[in-house]
Amino acid sequence: MTETITETSLRTHVAALLDRYPNLEPRETSELLDFLKFGPAVDRGMLKGDPATAPVIQRVLADHAEHFRVGLGKHLGIALAITLPFLVLCWLMWDSGAR
């Protein structure tokens with residue numbers, strides 16, 4: 001029950017930040033960006049689905065696109081996570097067929 005109250009108050013706090021955007025202090029802007037990137041998916045979805053906050057969120061995402069960009073390291077990690085199991089599977093099939 002406590003988690004629901006905390007998450008609701010967090011969503012309310014972020015909604016208040018969105019109401020004041022772009023007139024935020026740097027700390028508040030950082031807090032807003034962190035919420036939009038790492039916050040609870042349910043809360044982000046509820047705010048993105050709200051007609052009052054959805055356009056503001058789109059503006060924040062457009063204004064700070066570099067904050068939400070996927071870096072080269074993550075791209076390489078994803079490629080490795082896809083390719084490595086495939087290569088291991090191919091090697092195991094090759095090794096079992098050679099005997």
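What comes next is a walk through the structure. If you're wondering where the values come from, they're calculated on a predicted model, not measured in any experiment. (Residues numbered from 1 in each chain as written. Predicted model: local features only at pLDDT ≥ 70, side-chain atom pairs only at ≥ 80, totals over all residues. Heavy atoms only, no water.)

Attention now goes to the overall build of the protein. A tally of helices and strands in the protein yields six helices and zero strands. Seen in sequence order, the protein has helices and strands lined up from the N terminus as α-α-α-α-α-α. Residues classed as buried in the protein amount to 21% of the 99 residues present. Of all intrachain contacts in the protein linking residues separated by at least 6 positions in sequence, the fraction that spans at least 24 positions is 57%. For the protein, the exposed surface amounts to about 7300 Å²; the carbon and sulfur share of it is 66%. (Helix = DSSP H or I, 4+ residues; strand = E, 2+ residues; numbered from the N terminus. Buried < 20%, exposed > 50% of the residue type's maximum accessible area, 1.4 Å probe, protein only. Contact = heavy atoms within 4.5 Å. Areas by Shrake-Rupley, 256 points an atom, 1.4 Å probe, with all protein chains shown as cover.)

This next bit is on the pattern of salt bridges. Here the structure, examined in full by the defined rule, presents four salt bridges. Between glutamate 28 and arginine 20 there is a salt bridge; the shortest N-O distance is 2.6 Å. Judged by relative accessible area, which is 10%, glutamate 28 ranks as buried. When the shortest N-O distance is used, the salt bridge between glutamate 31 and arginine 27 registers 3.6 Å. Remark: arginine 27 and glutamate 31 occur in helix H2 (residues 26-38); sequence separation between them is four residues, near one turn of the helix. (Salt bridge = Lys/Arg side-chain N within 4 Å of Asp/Glu carboxyl O.)

In this section: the side chain of histidine 64. For histidine 64, the position within the fold is in the loop between helix H4 (54-63) and helix H5 (65-68). Discounting chain neighbours no more than four positions away, the residues touching histidine 64 are Tyr21, Thr29 and Leu33.

Our next topic: unusual backbone geometry. Proline 22 follows tyrosine 21 through a cis peptide bond whose omega is 10 degrees. Examined against the element boundaries, proline 22 turns out to sit in the loop between helix H1 (2-20) and H2.

Within the sequence span of H4, burial applies to Ala54, Ile57 and Val60. Each buried residue of H4 sits inside an arc of 120 degrees when the element is viewed along its axis, so together they form one side. Every exposed residue of H4 that faces more than 90 degrees away from the buried side is listed here: Pro55 and Ala62. (Arc of directions from axis to C-beta.)

Here the focus is the side chain of threonine 53. Relative to the elements of secondary structure, threonine 53 occurs in the loop between helix H3 (41-49) and H4. By relative accessible area, threonine 53 is classed as buried at 4%. A distance of 2.4 Å separates a polar side-chain atom of threonine 53 from the backbone oxygen of leucine 47. Leaving out residues up to four positions away in the same chain, threonine 53 has contacts with Leu18 and Leu47. (Polar contact = N/O pair within 3.5 Å; in protein donor to acceptor, adjacent residues only side chain to side chain.)

So, about H2. Two residues of an α-helix separated by three or four positions point the same way, owing to the 3.6 residues in each turn. Its 13 residues place the ends of H2 18 Å apart at the C-alpha level, agreeing with the 18 Å of an ideal helix rising 1.5 Å per residue. Taken together, the buried positions of H2 are Glu28, Thr29, Leu32, Leu33, Phe35 and Leu36. One side of H2 holds all its buried residues, which, seen down the axis, span an arc of 160 degrees. Residues of H2 that are exposed and point more than 90 degrees away from the buried face comprise Pro26, Arg27 and Phe38. (Expected span 1.5 Å × (residues − 1).)

Everything listed here is a matter of geometry and, on its own, says nothing about what the molecule does.
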